[in-house]
Amino acid sequence: MKTIFGPVPSRRLGFSLGVDIIPYKTCSFDCIYCELGKTDSKTIEPVEVIHPETVLTELERVLSASPLTLDFVTVSGSGEPTLHPLLGVIIQEIKKMVSVPVALLTNGSLLFKDEVLERVQAADVVLPSLDAPDRDVFQTVNRPHPSLTFDQLIDGLIKLGKSKGPRIWLEVLLLRGINDTPKQIETFGQYIKKINPEKIHLNTVIRPPVENYAAPLSDERMNEIQKNWGPRAEIISVPAQDKVQSKSGLQESKICDLVARRPCTAEDIAQCLGLSIEETVPLINRLIQAKKITHELFNRQGFYRGI
Ligand code: SF4
């Protein structure tokens, strides 16, 4: 099984190299909107079909084959990656091999378990999901393993929000007529407040779902909800290619303008762009590779300047 894919332009993570650690399609959910197809193996038991050594050896081969310009390495799976009992070890080993942040995509269903919460702490960013504002919608949308409850999901997400480790970017996927009424949006908002993520990624159906009744919201409704949830909310349901290219292209041209005026450190650039240092460094690296800016040392500090 191929365990490394990409890098691909991702709607949320820029140019991301994917690390797939769970066999198709092993998951604790069987979501009606899933783009991967129906869940074959619905489970909450740890699975270790893919050995960490297999993943890490392939990653090493891909990284050494050609220089890659990456924004993130993203651990995911053709299912739910927190089912892998050695997830924490895999993330730690990946972090030794790359200089970019490591992100983890999860449905969040198992975070209520201490050992799973522990496994995800090594990631720089965790992107969990919340698609339901109540128990009934949880059953309708996520079709979870029979032993999982909505209360456990919320409990795990709140615990994750309180943990000191990774940054939390919460995804909420909205479906027309299922989880998008004003009352439901208000209830989502109350849970989001308790989870307290750094960002809220507002999504809807943009690729063929498992069930054809899983329908997207209009752009207008998505915009209304984004305004309702405030500045942390960002709509991510736009074509990946367009968004990544236009956003990073715009940021790169801002960096060129900035360093053409005066030499700047990476921290100066991050501050001017309102980005984190992790988001800024990949943009700088791309510009250096493209020979659009240069790097020099002065007083033991690195500066970037225009050419
Ligand atoms: S949690 Fe993700 S992989 Fe699992 S069924 Fe839902 S969308 Fe598909």
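### A word on the nonpolar core
Right, so step 1: If you look at the biggest cluster of nonpolar residues, it comprises 73 residues, and the most contacted ones within it are Val73, Val75, Ile94, Leu130, Leu174, Leu175 and Trp229.
Right, so step 2: Among the elements that take part in this core, helix 5 (residues 150-162) stands out by supplying 6 residues, more than any other.
Right, so step 3: In contact with leucine 175, not counting residues within four places along its chain, are Ile32, Tyr33, Val141, Asp180, Val205, Ala214, Ala215 and Leu217.
Right, so step 4: Of all hydrophobic cores here, the second largest spans 13 residues; its members include Ile255, Val259, Cys264 and Leu275.

### Points about the pattern of salt bridges
It is possible for side chains bearing opposite charge to pair when their charged atoms get close.
Right, so step 1: Scanning the entire structure with this criterion turns up 16 salt bridges.
Right, so step 2: The salt bridge partner of glutamate 296 is arginine 305, with a shortest N-O separation of 3.0 Å.
Right, so step 3: The class of glutamate 296 is partly exposed, set by a relative accessible area of 31%.
Right, so step 4: Among the charged side chains, a salt-bridge network with shared partners connects Asp30, Lys38, Arg143 and Glu211.

### Overview of unusual backbone geometry
Right, so step 1: In this structure, arginine 143 takes a positive phi of about 40 degrees despite not being glycine.
Right, so step 2: Mapped onto the elements, arginine 143 comes out in the loop between helix 4 (135-142) and helix 5.
Right, so step 3: Of note, the phi angle at lysine 291 is positive, near 55 degrees, even though the residue is not glycine.
Right, so step 4: As for its placement among the helices and strands, lysine 291 is situated in the loop between helix 10 (277-289) and strand 11 (293-298).
Right, so step 5: Exposure remark for lysine 291: the relative accessible area of 67% places this residue in the exposed category.

### What about the side chain of lysine 25?
Right, so step 1: Mapped onto the elements of the fold, lysine 25 is located in the loop between strand 2 (14-20) and strand 3 (26-27).
Right, so step 2: This buried residue, lysine 25, is left without a salt bridge; aspartate 30 holds the nearest opposite charge, at 4.2 Å.
Right, so step 3: A polar side-chain atom of lysine 25 sits 3.0 Å from a polar atom in the side chain of threonine 39.
Right, so step 4: Sequence-distant contacts of lysine 25, defined by excluding residues within four places in its chain, comprise Asp30, Cys34, Leu36, Gly37, Lys38, Thr39, Asp40, Ser41 and Ser78.

### Some thoughts on the packing of aromatic side chains
Right, so step 1: Counted according to the given criterion, the structure contains 5 aromatic pairs.
Right, so step 2: Both rings, one in phenylalanine 138 and one in phenylalanine 150, keep their centres 6.0 Å apart while their planes meet at 55 degrees; by these two values the pair is tilted. Here phenylalanine 150 lies in helix 5 and phenylalanine 138 lies in helix 4, a separation of 12 residues in the sequence.
Right, so step 3: According to the relative accessible area criterion, phenylalanine 138 is buried, its value standing at 1%.
Right, so step 4: Note on phenylalanine 150: relative accessible area 4%, which makes it buried.
Right, so step 5: Geometrically, the ring pair formed by phenylalanine 150 and tyrosine 191 is edge-to-face, given 5.6 Å between the ring centres and 80 degrees between the ring planes. Taken together, the residues phenylalanine 150 in helix 5 and tyrosine 191 in helix 6 (residues 182-195) connect sequence positions 41 residues apart. Take phenylalanine 150 and tyrosine 191: they sit in the same class, and that class is buried.
Right, so step 6: Taken together, the ring pairs in this structure connect Phe29, Phe138, Phe150 and Tyr191 into an aromatic cluster.
Right, so step 7: Here the basic side chain of lysine 199 rests over the ring of tryptophan 169, its NZ or CZ set 4.0 Å away from the ring centre.

### Overview of helix 4
Right, so step 1: Those residues of helix 4 not exposed but buried are Val137, Phe138, Val141 and Asn142. Along the axis of helix 4, the buried positions cluster into a sector of 105 degrees, meaning they face one direction only. Exposed residues on helix 4 whose side chains face more than 90 degrees from its buried face are Arg135 and Asp136.
Right, so step 2: Buried residues along helix 4 sit in contact with helix 5 and helix 6.
Right, so step 3: Taking the backbone nitrogen of aspartate 136 as reference, a side-chain oxygen 3.1 Å away marks aspartate 134 as the first, capping residue of helix 4.
Right, so step 4: Two residues or fewer after helix 4 comes arginine 143, characterised by a positive phi angle close to 40 degrees.

### Digging into the domain arrangement of the chain
Right, so step 1: Looking at the assigned domains, one finds that the chain contains domain 1 (4-238) and domain 2 (242-306).
Right, so step 2: Counting from both sides, the interface comprises 16 residues of domain 1 and, opposite them, 9 residues of domain 2.
Right, so step 3: Across the interface of domain 1 and domain 2, roughly 1000 Å² is buried in total on both sides, 55% from carbon and sulfur atoms.
Right, so step 4: Of all residues in domain 1, Phe15, Thr69 and Arg167 give up the largest surface area on contact with domain 2, accounting jointly for 39% of the area buried on that side.
Right, so step 5: Summed over the shared surface of domain 1 and domain 2, the number is 1 salt bridge.
Right, so step 6: For the salt bridge of aspartate 71 with arginine 286, the shortest nitrogen-to-oxygen distance reads 3.6 Å.
Right, so step 7: The interface formed by domain 1 and domain 2 includes 1 residue pair in polar contact (both at pLDDT 80 or more).

Reading the values: the criteria
- Per-chain numbering applies: the sequence of each chain, read as written, is numbered from 1 onward.
- Where local features are concerned, this predicted model is filtered to residues with pLDDT of at least 70; where side-chain atom pairs are given and counted, the filter is 80 or more; whole-chain, interface and lining totals use all residues.
- Side-chain descriptors were evaluated using all non-hydrogen atoms of the structure, hydrogens and water having been removed beforehand.
- Only buried residues count toward a nonpolar core. Its members are Ala, Val, Leu, Ile, Met, Phe, Trp, Tyr and Cys residues joined through side-chain atoms within 4.5 Å.
- A 1.4 Å probe rolled over the protein chains alone gives each residue an accessible area, and that area as a share of the maximum for its type sets the label: buried under 20%, exposed over 50%, partly exposed in between.
- Here a helix means four or more residues in a row that DSSP labels H or I, a strand means two or more in a row labelled E, and each is numbered from the N terminus.
- Contacts: residue pairs with any heavy atoms within 4.5 Å of one another.
- Salt bridge, as used here: a side-chain nitrogen of Lys or Arg that lies within 4 Å of a carboxyl oxygen of Asp or Glu.
- We treat Lys and Arg as the positive residues and Asp and Glu as the negative residues; His and chain ends play no part in the count.
- Under this definition, polar contacts are N or O atom pairs within 3.5 Å; protein pairs additionally need one hydrogen-donor-capable and one acceptor-capable atom, and for neighbouring residues in sequence, both atoms have to be side-chain atoms.
- Stacked, edge-to-face and tilted are the three classes for Phe, Tyr and Trp ring pairs, Trp counted by its six-membered ring, which pair at centre distances within 6.5 Å; planes under 30 degrees apart are stacked, over 60 edge-to-face, the rest tilted.
- A ring is considered to have a charge above it if a Lys NZ or an Arg CZ atom is located within 6 Å of its centre and within 35 degrees of its normal.
- Think of the arc as the fan of directions from the helix axis to the C-beta atoms.
- As annotated, the domain borders come from an automatic or database domain assignment.
- Here's the idea: put two parts together, see how much 1.4 Å probe accessible area each one loses, and the total over both is what we call buried area.

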